[in-house]
Amino acid sequence: MYIDPPFFSNRNYQAQCTETGTVRSFSDNWGGMQSYIEWLKPRVEQLYRVLKPNGTLFLHCDWHADAYIRVLILDPIFGSANFINHIAWCYSTGGKSKTTFGKKHDTLFWYAKGNTWTFNADKVKIEMRSGNKSFGGRLCTDDEGRQYRLVYGSKNKQGETRYYKYYLDEGKTPEDWWTDINSLQASSTERLQYPTQKPESLLERIILAATNPNDVVLDPCVGSGTSVAVANSLGRQWIGIDQSVDAIAVTEKRLQQQDENIVFERINWL
Ligand SMILES: C[S@@+](CC[C@H](N)C(=O)[O-])C[C@H]1O[C@@H](n2cnc3c(N)ncnc32)[C@H](O)[C@@H]1O
């Protein structure tokens, strides 16, 4: 599951579609933190209820409420022992403050329901650079001409220093801070004029890492449909939910552009 709810930013989000002229919007205004938590918590409880025993949830948020969400919602519902990662998705676009460090990352909390979950590290390897940005250690070349980083670890019981070899051409599993995925630029061809739309490459990493082909991806705040479009293109099943009829229309159109024969089962509770 992936949920990218309103972040408690106390703003209204709007974007006008240049093609149709329609305004796509959602409100992120709350009476205070308590009412925001009272809104989000029962929704996460329902997600937990329908999550498979070996399933996981990524909750996307930012500095506005991340501490509250972890302590008041995720730990009580999932149990703090089922916390997997706190990922910082870093980007550098937008305005710069003159009085603070720029608030330029979002938070992704990753929790499991049980003791086992999918983590396909091999599917999300990133380039290991030859500079010292990827690892410390010494850059060496083996007899076949392959470059590797030689990193010394702690001593074993016999007092021998352990060392690790990381071959550059094998790439590496990303750490829990992601700086290689940019937020959507104004000129991006992915852009659907949906406010707060997330980049497909972000969802690609999440879905490739945490699911296998044919698994079900559920997004209860689907917006422009980024998660379900990526899930669909990666051969996963998917369920998208949104309170906004416009969001569902944008999502359907996006999926139809991927596959014109796609069949939707649309359920309205309104
Ligand atoms: C941050 S946006 C999601 C953006 C999305 N990840 C994307 O890439 O386009 C949040 C979405 O949550 C939806 N939303 C807000 N309240 C909701 C609710 N009670 N139930 C379902 N969706 C809701 C909004 O309509 C909006 O589309």
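Residues numbered from 1 in each chain as written. Predicted model: local features only at pLDDT ≥ 70, side-chain atom pairs only at ≥ 80, totals over all residues.

A. Broad picture of the overall build of the chain. A count of helical and extended segments in the chain gives 5 helices and 12 strands. Burial analysis of the chain (270 residues in total) assigns 27% to the buried set. Here the contacts in the chain between residues at least 6 apart in sequence split such that 58% fall between residues at least 24 apart. (Helix = DSSP H or I, 4+ residues; strand = E, 2+ residues; numbered from the N terminus. Buried ≥ 20, exposed ≤ 12 C-beta atoms within 10 Å, placed from the backbone. Contact = placed C-beta atoms within 7 Å.)

B. Focus on the nonpolar core. In terms of nonpolar packing, the biggest core is built from 44 residues, with Leu59, Ile69 and Ile206 touching the most fellow members. Broken down by element, the residue count for this core peaks at 6 residues, all from helix α3 (residues 200-210). When neighbours within four sequence positions are excluded, Ile206 is seen to be in contact with Tyr2 and Phe58. (Core = buried A, V, L, I, M, F, W, Y, C linked by C-beta atoms within 7 Å.)

C. Representation of the sheet that holds strand β5 (residues 83-90) within the structure. Read from one edge to the other, the open sheet built from 5 strands follows the order β1-β4-β6-β5-β10, with strand pairing classed as mixed. Each end of this open sheet is capped by a strand with a single partner; those strands are β1 (2-3) and β10 (177-178). Examined bridge by bridge, strand β4 (residues 56-61) and strand β6 (residues 105-112) share 6 bridges and lie antiparallel to one another. Residue pairing across strands places His60 opposite Leu108, the latter belonging to β6. (Pairing = 2+ DSSP bridges.)

D. Region of the structure containing the pairing of strand β3 (residues 23-28). Across 6 bridges, the pairing between strand β2 (residues 11-16) and β3 is antiparallel. Bridged to Asn12 within β3 is Ser27. Linkage of β2 to β3, two consecutive antiparallel strands, is achieved through a turn of 6 residues, within which Gly21 is found at a positive phi near 80°.

E. Summary view of the environment of Asn29. Mapped onto the fold, Asn29 is located in the loop between β3 and α1 (33-50). Given 12 C-beta atoms within a 10 Å radius, Asn29 is considered exposed.

F. Summary view of the sheet that holds strand β7 (residues 138-141). Ordered by their spatial adjacency, 3 strands build an open sheet running β7-β8-β9, and the pairing between neighbours is antiparallel. Looking at which strands have only one partner, the edges of the open sheet turn out to be β7 and β9 (161-167). Averaged over all neighbouring strand pairs, the angle between strand axes comes to 35°, with direction disregarded. Summarising the sheet, strand β8 (residues 147-155) and β9 pair through 6 bridges and their orientation is antiparallel. Residue pairing for β9: Tyr148 is matched across the bridge by Tyr167. (Axes fitted to C-alpha atoms, helices over the stretch in contact; angles between N-to-C directions.)

G. Region of interest: the environment of Arg129. Topologically, Arg129 is positioned in the loop between β6 and β7. Separated by 52 residues in sequence, Arg129 and Ile77 place their C-alpha atoms 39 Å apart.

H. Representation of the domain arrangement of the chain within the structure. Under the domain assignment used here, the chain contains domain 1 (2-120 + 176-258) and domain 2 (127-172). Spacing between the C-alpha centres of domain 1 and domain 2 amounts to 35 Å. (Domains from an automatic or database assignment.)

I. Layout of the site of the ligand. Taken together, 18 residues lie near the ligand, and Asp4, Cys221, Gly223, Ser224 and Thr226 sit nearest. The residue inventory of the shell around the ligand, partitioned by class, reads 8 nonpolar, 7 polar and 3 charged. (Near = placed C-beta within 6 Å. Nonpolar A, V, L, I, M, F, W, Y, C, P; charged D, E, K, R; others polar.)

J. Spotlight on the environment of Met33. Looking at the secondary structure, you find Met33 in helix α1. Linking Met33 and Asn268, residues 235 residues apart in sequence, is a C-alpha distance of 29 Å. Aside from chain neighbours lying at most four places away, what touches Met33 is Phe8, Ala65 and Tyr68.

K. Representation of the packing of α1 against helix α2 (residues 66-78). Contact pair α1 / α2: the axes reach a minimum separation of 10 Å and the direction vectors enclose 30°. One way to sum up the angle between α1 and α2 is to call them roughly parallel. At the point where α1 passes α2, the crossing takes the right-handed sense. Contacts from Met33, Ile37, Leu40, Lys41, Val44, Glu45 and Tyr48 in α1 reach Tyr68, Ile69, Leu72, Ile73, Ile77 and Phe78 in α2. For the contact of α1 with α2, the residue count by class is 11 nonpolar, no polar and 2 charged. (Parallel < 35°, antiparallel > 145°, perpendicular 65-115°, else oblique. Left-handed = near helix turned anticlockwise from the far one by under 90°.)

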